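# Structural description and commentary
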Amino acid sequence: MAQVIVLAALAVFIYMTMIFILALAKKNNGVVDIAWGLGFILVGWIVFLRYGQGHPRQWLALTLVLIWGGRLAWHIFRRNRGREEDFRYAAWRRQWGNFFVIRSFAQIYMLQGLLLLLVISPVLLIAGQAQPSLNFLDGLGLLLWLTGFLFETVGDRQLAAFIRDPAHKGKLITTGLWRYSRHPNYFGEAALWWGMGIIALSAPNGWLGLIGPLVITFLLLFVSGVPLLEKKYAGRPDWEEYKKRTPKFVPWFPGRT
């Protein structure tokens, strides 16, 4: 397994360095958001091609990563096309001043590369080791993955359609999946990685694959996902009303204010 980790780490380092150089040329660090999902596809398949045996569980995991990573990259590309650099990266560009290049490389690209390695842990365990036959856990994990993918995909599409409508300018989306969770797309992403973690449990030392869903759930709930948006809208009367009746993360029936 050590060889798998070394290969994956090397692939991530080279990939993120290339994306960093591209971002410097474009003067836009937003490209790393598009590269995030594609990085999972690249690393998973590199490990599989070097160490995989073509077991059904390996094909299953890699196919799911291909679907998820490809969909996410395309979604972010369409969302960001023609826009200026994301406000987060633009703010760091101003704050870091003369140290912007080195801090961008370390704090954006290498940090995201490290997080990618942690989140992809269940895929590495599956792709790089001999596997027992498919079993109940694979079915359970696939069901959870499909549920999460549905929430992430539908939630993103509903939000994109809402934003495109000029009549909704300045308003909050509170319909569709957003009626049952304030962050259904983030819930979906966490859920699908928990599904991947369950699939990995049947691989040798598969419990280590739970590192991935734990990390992504922590990031979404406490670091870069939910907290940023909750802070952005805090204090708005319509947001506070929505917040009272709508679950924060795990979908559930809305309550009464």
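Before reading further, recall that the structure is shown in the block above.
A short tour of the structure in this document, coming up. The structure displayed is predicted, hence computed values, not measured ones.

## Structural notes on the layout of surface pockets
- Taken as a whole, the second largest pocket spans an internal volume of roughly 210 Å³.
- If you trace the second largest pocket, you find it lined by Met1, Ile5, Leu117, Leu118, Ser121, Leu124, Leu125, Leu208 and Ile211.
- The dominant element in the lining of the second largest pocket, judged by the number of residues it contributes, is helix H6 (residues 121-127), at three residues.
- In terms of residue class, the lining of the second largest pocket is made up of eight nonpolar, one polar and no charged.

## A look at the nonpolar core
- Counting 59 residues, the largest nonpolar core has Phe40, Val43, Trp68, Tyr109, Leu116, Trp193 and Met196 as its most contacted members.
- In terms of residue count, the dominant contributor to this core is helix H2 (residues 31-51) (eleven residues).
- Not counting chain neighbours up to four residues away, the residues in contact with valine 43 comprise Ala8, Ala11, Val12, Leu116, Ile120 and Leu124.
- Counting six residues, the second largest nonpolar core, distinct from the first, contains Phe162, Ile173, Trp178 and Tyr242.

## With respect to the packing of helix H3 (residues 56-80) against helix H7 (residues 136-164)
- Between H3 and H7, the shortest axis-to-axis distance is 12 Å and the interhelical angle comes to 5°. Regarding the angle of H3 to H7, the classification is roughly parallel. Residues Arg57, Leu60, Leu64, Ile67, Trp68, Arg71, Leu72 and His75 of H3 lie in contact with H7, whose contacting residues are Asp138, Leu142, Trp145, Phe149, Glu152, Thr153 and Asp156.

## Topic: the pattern of salt bridges
- Tallied over the full model, the rule gives five salt bridges.
- Aspartate 156 is the partner of arginine 71 in a salt bridge, and the nearest nitrogen-oxygen pair spans 2.9 Å. Placement of the pair is arginine 71 in helix H3 and aspartate 156 in helix H7, with a sequence separation of 85 residues. Across the pair, aspartate 156 and arginine 71 agree in class, each one buried.
- Close ionic contact of arginine 236 with aspartate 238 constitutes a salt bridge, the shortest N to O distance being 2.6 Å.
- Judged by its relative accessible area of 27%, arginine 236 falls in the partly exposed class.
- Among the ionic contacts, a cluster of salt bridges with common partners joins Arg71, Glu152 and Asp156.

## Observations regarding the environment of tryptophan 178
- Take tryptophan 178: it is sitting in the loop between H7 and helix H8 (184-200).
- We classify tryptophan 178 as buried; its relative accessible area is 6%.
- Considered as a pair, tryptophan 178 and valine 12 are 166 residues apart in the sequence and their alpha carbons are 34 Å apart.
- Filtering out sequence-adjacent residues up to four positions away, tryptophan 178 remains in contact with Gly155, Gln158, Leu159, Ile173, His183, Pro184, Asn185, Tyr242 and Thr246.

## Looking at the side chain of arginine 182
- If you trace the backbone, arginine 182 turns up in the loop between H7 and H8.
- Here the side chain of arginine 182 touches threonine 246 through a polar contact of 2.8 Å, landing on its backbone oxygen.
- Excluding anything up to four places from it in sequence, arginine 182 contacts Glu230, Trp239, Tyr242, Lys243, Thr246, Pro247 and Lys248.

## Considering helix H9 (residues 211-222)
- Its twelve residues place the ends of H9 16 Å apart at the C-alpha level, agreeing with the 16 Å of an ideal helix rising 1.5 Å per residue.
- All buried positions along H9 are accounted for by Gly212, Pro213, Val215, Ile216, Thr217, Leu219 and Leu220.
- Looking at the buried residues of H9, the elements they touch are helix H5 (100-119), H6, H8 and helix H10 (226-233).

## Re unusual backbone geometry
- With phi around 55°, lysine 27 is a residue other than glycine that occupies positive phi space.
- Looking at where lysine 27 falls in the secondary structure, it is placed in the loop between helix H1 (2-26) and H2.
- Taking the relative accessible area as the measure of exposure, lysine 27 reaches 64% and is therefore exposed.
- Positioned with a positive phi, asparagine 205 is a non-glycine residue whose angle comes to about 55°.
- Following the sequence through the fold, asparagine 205 ends up in the loop between H8 and H9.
- Judged by relative accessible area, asparagine 205 falls into the partly exposed class, the value being 49%.

## Some thoughts on the packing of helix H4 (residues 87-96) against H5
- Relative to each other, H4 and H5 sit at 140°, their axes nearing to 9 Å. By the angle between their axes, H4 is oblique relative to H5. In this structure, the crossing between H4 and H5 has a hand that is right-handed. Contacts between H4 and H5 pair Tyr89, Trp92, Arg93 and Trp96 from the former with Phe100, Arg103, Ser104, Gln107, Ile108 and Gln112 from the latter.
- Partitioning the contact of H4 with H5 into residue classes produces five nonpolar, three polar and two charged.

Thresholds, definitions, all that
- Residues numbered from 1 in each chain as written.
- Predicted model: local features only at pLDDT ≥ 70, side-chain atom pairs only at ≥ 80, totals over all residues.
- Heavy atoms only, no water.
- 1 Å grid on protein atoms, 1.4 Å probe; cavity = no way out; pocket = protein on both sides within 12 Å on 5 of 7 lines; lining within 4 Å.
- Points joined across faces, edges and corners; volume = space filled by probe spheres on them.
- Helix = DSSP H or I, 4+ residues; strand = E, 2+ residues; numbered from the N terminus.
- Nonpolar A, V, L, I, M, F, W, Y, C, P; charged D, E, K, R; others polar.
- Core = buried A, V, L, I, M, F, W, Y, C linked by side-chain atoms within 4.5 Å.
- Buried < 20%, exposed > 50% of the residue type's maximum accessible area, 1.4 Å probe, protein only.
- Contact = heavy atoms within 4.5 Å.
- Axes fitted to C-alpha atoms, helices over the stretch in contact; angles between N-to-C directions.
- Parallel < 35°, antiparallel > 145°, perpendicular 65-115°, else oblique.
- Salt bridge = Lys/Arg side-chain N within 4 Å of Asp/Glu carboxyl O.
- Polar contact = N/O pair within 3.5 Å; in protein donor to acceptor, adjacent residues only side chain to side chain.
- Expected span 1.5 Å × (residues − 1).
- Left-handed = near helix turned anticlockwise from the far one by under 90°.

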